[in-house]
Amino acid sequence: MRVDLDHGRGEQPLYVQLASALEDFIALEKLKPGDLLPSENVLATENRLSRATVIKAFDTLVDRGVVTRRQGKGTFVNARPMERQLPELNSFSEHVHGLGLAPGSSLLSFESLAAGAPDRPSSAFGADEPLVVVERLRTVGDEPVGIPRTLVPADIAETIGMTEQSTARSDFSFYEALRRSGIHLDSGEESLRAINADARDSEHLGVDEGVALIEIVRASRDADGRLVEVVRARYLGTQYLYHITFAPSSHSPGGHNEDTTRSGARTGGGLAAAQRLLEHDGR
């Protein structure tokens, strides 16, 4: 693969030019997510560049979320980031369908936990509440993008027909199952933080251990205020883009906005807020 590069003085660095050329090539050739790019050695040889320059160009594309490196396999085109508006109370399937993409999932584990069970994860649910815990691998166009673990009260799981068999279906939607049973979510809290993929994340998501992930913790309630779900999900940082629109709700005497913005858009709390929703159990 040959690209046009300007070696003249004062021009952009060669690695920046190469990164932009590769990004244009991906767009013009309409490469699909998962397509393999030429190797570093091939690009270096065909364009008379040092391998270090090519590596730096690929690093730039990784930072832009355009490609992903897979150890021993090569550099692959990413799906376009899935932008999600905040606040937004909908399911993964609804969100992905809304982007014109194809969501899917595979079941990783399904557990029924009795009240007071010693191995139940810590959560915002009371210790005396029987739970169903479901962990799935979520995909977009057959490419893995995240691992959500959902805790649901056992009686709600029974009401909506949330069984090991039903959750194993690739098209199962928890929120759709709630609606079919007349249960409507009315409010929720969501916290985000940056983490690195551990060995288990790496195995299921097909990335190197230590790759950047977005961890999302959500607690949702019905119209009566009952806690219906607590979810901890880990998504590839290259695949998810959260978009926040700010609007002032109050102003300080000096003309500066206070910490809070429009209700539901963003509040403080950080890790403390996430801890209140779901205490991590050191998976």
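As the structure is a prediction and not an experimental result, all values here were calculated from the model.

### Some thoughts on the nonpolar core
Counting residues in each nonpolar core, the largest one holds 18 residues, and the members touching the most others are Leu18, Val54, Phe58 and Leu61. Of all elements in the fold, only α1 (14–28), α2 (40–46) and α3 (51–63) reach the threshold of two or more residues within this core. Tallying contributions element by element places α1 first for this core, with five residues. Beyond its immediate chain neighbours, meaning those up to four positions away, Leu61 contacts Ala19, Leu22, Glu23, Val66 and Val67. Among the nonpolar cores identified, the runner-up in size contains 15 residues, and Val134, Tyr175, Ala177 and Val228 belong to it.

### Quick look at the packing of aromatic side chains
Using the criterion set out here, one finds one aromatic pair in the structure. With 5.8 Å between their ring centres and 55° between their planes, Phe174 and Tyr175 make a pair best called tilted. Residues Phe174 and Tyr175 agree in their burial class; the two are buried. When the ring centre of Phe76 is taken as reference, the NZ or CZ atom of Arg70 above it lies at 4.6 Å.

### Regarding unusual backbone geometry
Look at Arg48: it is not a glycine, yet its phi comes out positive at around 55°. Along the chain, the position of Arg48 falls in the loop between α2 and α3. For Arg48, a relative accessible area of 77% puts it in the exposed group.

### Section: the environment of Val132
Structurally, the position occupied by Val132 is in strand β5 (residues 131–140). Taking the C-alpha atoms as reference points, Val132 and Ala157, 25 residues apart in sequence, are found 6.9 Å from one another. The residues touching Val132, leaving out its near neighbours within four places in the chain, are Phe110, Glu111, Ser112, Thr150, Leu151, Val152, Ala154 and Ala157.

### Concerning the pairing of strand β8 (residues 212–222)
Looking along a regular strand, one sees side chains alternate from face to face of the sheet. Of all eleven residues in β8, nine are buried; the element is thus mostly enclosed. Where strand β7 (residues 185–196) and β8 come together, eleven bridges link them in antiparallel fashion. The residue bridging Ser187 from the neighbouring strand is Arg221, located in β8. Sheet analysis places β8 next to strand β9 (residues 227–236), joined by nine bridges and oriented antiparallel. Bridge pairing in β9 places Val217 opposite Arg232. Linking two consecutive strands that pair antiparallel, namely β8 and β9, is a turn of four residues; a positive phi of about 85° is found at Gly225 within it.

### Considerations on the confidence of the model for the protein chain
Summarising the model, the protein chain shows a mean pLDDT of 79, and 75% of its residues fall at 70 or more. Of all secondary-structure elements in the protein chain, the lowest mean pLDDT belongs to helix α9 (residues 270–277), at 44, while helix α5 (residues 154–159) reaches the highest, 96. Counting contacts from residues 254–283, a segment whose pLDDT is below 50, to residues more than four positions away or on other chains yields 58 contacts.

### Examining α3
When the terminal C-alpha atoms of α3 are compared, their 18 Å separation across 13 residues agrees well with the 18 Å that a helix rising 1.5 Å per residue should span. Along α3, the residues classified as buried are Thr53, Val54, Ala57, Phe58, Thr60 and Leu61. For α3, the buried positions fall inside an angular range of 155° around the axis, keeping them on one side. Exposed residues on α3 whose side chains face more than 90 degrees from its buried face are Ala52 and Asp63. Against α1, α2, β1 (67–70) and β2 (74–77) lie the buried residues of α3. Positive phi shows up at Gly65, right after α3, with a value of about 80°.

Reading the values: the criteria
Starting afresh in each chain, residues are numbered from 1 along the sequence in its written order. Per-residue local features of the predicted model are confined to residues with pLDDT of at least 70, and side-chain atom pairs are confined, for both listing and counting, to 80 or more; whole-chain, interface and lining totals are unaffected and use all residues. Only heavy atoms go into the side-chain values, all of them from the structure, while hydrogens and water stay out. Definition used in this section: a nonpolar core is a set of buried Ala, Val, Leu, Ile, Met, Phe, Trp, Tyr and Cys residues joined via side-chain atoms within 4.5 Å. Summary of the burial criterion: residues with accessible area below 20% of their type's maximum are buried, those above 50% are exposed, and those between are partly exposed, where the area comes from a 1.4 Å probe applied to protein chains only. What counts as a helix is a DSSP run of H or I of at least four residues, what counts as a strand is a run of E of at least two, and both are numbered from the N terminus. Contacts between residues were defined by any pair of non-hydrogen atoms, one from each residue, lying within 4.5 Å. Here a pair means two rings of Phe, Tyr or Trp (six-membered ring of Trp) with centres within 6.5 Å. Their orientation is stacked below 30 degrees between planes, edge-to-face above 60, and tilted elsewhere. Distance and angle both matter: a charge sits over a ring if NZ of Lys or CZ of Arg is within 6 Å of the ring centre and within 35 degrees of the ring normal. Strands are labelled as partners when DSSP assigns at least two bridges between them. Confidence of the predictor at the level of single residues is captured by pLDDT, which takes values from 0 to 100. Here the expected length of a helix is defined as 1.5 Å per residue gap, with one fewer gap than residues. What the arc describes is the spread of directions from the helix axis to the C-beta atoms.

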